[in-house]
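# Overview (structure and organization)
So you can see what is in the structure, the chains are spelled out below.
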Amino acid sequence: MNIPNIVVMGVAGCGKSSLGQALAAALSSVYIEGDSFHPPENIARMAAGTPLTDADRAGWLTVLANQLARGKAQGQSVVLACSALKQSYRDTLRRGDPQLLFVHLAGSKPLIAGRMAARSAHFMPTSLLDSQFADLEAPHPASENVITLDISQPLPDLLQQVLQHISQRTS
């Protein structure tokens, strides 16, 4: 199976890291946690409840695109967990690999707020959820290589849907 590089995307608290790690394990791919590449000033801004601007995200997205390009050049398949909220952000990531598959995790604001409130040790406060939804430009299947999944489903079901999509795409 020809495994594409994958970006698991969506607003904070939607389950990007959980699905990304499970997907990378299932595909024997390299997992990259996009949040770990934020510069300290971005993390401090978010932890203080200040939404990031496009300018704040620009360098971070370029670093992630470079990580995708490096993996592709080394013949590794990569699964990246990254919000990729706007089309321009996804365009930046595609500079690292024009064939990226985006897996958009979509869910209701109340469901995601509940998940965020239940997690610990994460810098992103629930108070920034409104700004995440305001920034979200949902990808369009007609113009972007994307599958959208409903996060109200259990993680194993989401994983199987992505694996099935990849299998159908590469057969």
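The structure under discussion appears in the preceding block.
This text gives an overview of the structure that appears in the document. (Residues numbered from 1 in each chain as written. Predicted model: local features only at pLDDT ≥ 70, side-chain atom pairs only at ≥ 80, totals over all residues. Heavy atoms only, no water.)

### Quick notes on the overall build of the chain
Convention followed: The helix count covers DSSP runs of H or I at least four residues long, the strand count covers runs of E at least two residues long, and both are numbered beginning at the N terminus. The size measure is the radius of gyration over C-alpha atoms, and the globule rule it meets is 2.2 Å times the number of residues to the 0.38 power. A 1.4 Å probe rolled over the protein chains alone gives each residue an accessible area, and that area as a share of the maximum for its type sets the label: buried under 20%, exposed over 50%, partly exposed in between. In what follows, residue pairs with any heavy atoms lying within 4.5 Å of each other are defined as contacts. Each accessible area is a Shrake-Rupley estimate made with a 1.4 Å probe; only the visible protein chains count as cover when residues are assessed. Within this scheme the basic residues Lys and Arg register as positive and the acidic residues Asp and Glu register as negative, but His and the chain ends are omitted. For the purpose of locating charges, the reference atoms are NZ of Lys, CZ of Arg, CG of Asp and CD of Glu.
Assigned secondary structure in the chain consists of seven helices and five strands. The linear arrangement of helices and strands in the chain, starting from the amino end, is β-α-β-α-α-β-α-β-α-α-β-α. Taken against the 2.2 N^0.38 rule, which gives 16 Å for 171 residues, the C-alpha radius of gyration of the chain at 15 Å falls within 12% of a compact globule. For the chain, the C-alpha atoms occupy an extent of roughly 45 × 35 × 30 Å along the three principal directions. Residues classed as buried in the chain amount to 44% of the 171 residues present. Counting only contacts in the chain whose residues sit at least 6 apart along the sequence, the fraction spanning at least 24 positions is 76%. On the chain, roughly 7900 Å² of surface is accessible, and the fraction owed to carbon and sulfur atoms is 53%. Of the charged side chains in the chain, 13 are positive and 13 negative, and the gap between their average positions amounts to 3 Å.

### Details of the nonpolar core
A general trend in soluble globular proteins is that nonpolar side chains are found buried together. Under the convention used in this document: Here, nonpolar core refers to any group of buried Ala, Val, Leu, Ile, Met, Phe, Trp, Tyr and Cys residues whose side-chain atoms link them within 4.5 Å.
Ile6, Val7, Leu19, Leu23, Cys82, Leu93 and Val103 are the most contacted members of the largest nonpolar core, which has 42 residues in total. Not counting chain neighbours up to four residues away, the residues in contact with Leu19 comprise Val8, Val103, Leu105, Leu149, Leu155, Leu158, Leu159 and Val162.

### Considerations on the sheet that holds strand E1 (residues 6–9)
What counts here: Two strands pair if DSSP finds at least two bridges between them. Angular values range over 0 to 180 degrees, each being the angle between N-to-C directions of two axes fitted as lines to C-alpha atoms, with helices fitted over their stretch in contact.
Spatial strand order, E2-E3-E1-E4-E5: five strands in an open sheet with parallel pairing. Only two strands of the sheet have a single neighbouring strand rather than two, namely strand E2 (30–33) and strand E5 (146–150). Put simply, the sheet's adjacent strands are angled 20 degrees from each other on average, direction ignored. Strand direction decides the pairing type here: E1 and strand E4 (residues 101–106), joined by four bridges, are parallel. Each residue of the ladder has a partner; that of Ile6, found in E4, is Leu101.

### Description of the environment of Lys109
In this fold, Lys109 is placed in helix H5 (residues 109–118). On the accessibility criterion, Lys109 (35% relative accessible area) is partly exposed. Residues Lys109 and Arg70 lie 39 residues apart in sequence; the distance between their C-alpha atoms is 35 Å. Other than its neighbours up to four places away in sequence, Lys109 contacts Leu129, Asp130 and Phe133.

### Some remarks on the side chain of Ser77
Note the following rule: We define a polar contact as two N or O atoms separated by no more than 3.5 Å, with the added condition that, inside protein, one atom must be a possible hydrogen donor and the other a possible acceptor, whereas residues neighbouring each other in sequence contribute only through side-chain atom pairs.
Relative to the assigned elements, Ser77 resides in the loop between helix H3 (54–73) and strand E3 (78–81). Given the relative accessible area of 14%, Ser77 is considered buried. In terms of polar contacts, Ser77 uses its side chain to reach the side chain of Ser29, at 2.5 Å. The residues contacting Ser77, other than those within four sequence positions of it, are Ile3, Pro4, Asn5, Leu27, Ser28, Ser29 and Val30.

### As for the pattern of salt bridges
Let me state the cut-off plainly: Salt-bridge detection follows one rule: a side-chain nitrogen of Lys or Arg within 4 Å of a carboxyl oxygen of Asp or Glu.
According to the stated counting rule, one finds eight salt bridges in the structure shown. Across the salt bridge formed by Lys86 and Asp54, the nearest N and O atoms sit 2.9 Å from each other. Of this pair, Lys86 sits in the loop between E3 and helix H4 (87–94) while Asp54 sits in helix H3; the two residues are 32 residues apart in sequence, bridging distant segments of the chain. The exposure class of Lys86 is buried, given its relative accessible area of 14%.

### Regarding H4
Of all the positions in H4, only Tyr89, Arg90, Thr92, Leu93 and Arg94 are classed as buried. For H4, the secondary structure elements touched by its buried residues are E1, H3, E3 and E4.

### Regarding unusual backbone geometry
If you check the backbone angles, Ser28 has positive phi at about 55 degrees while not being a glycine. The topology assignment puts Ser28 in the loop between helix H1 (16–27) and E2.

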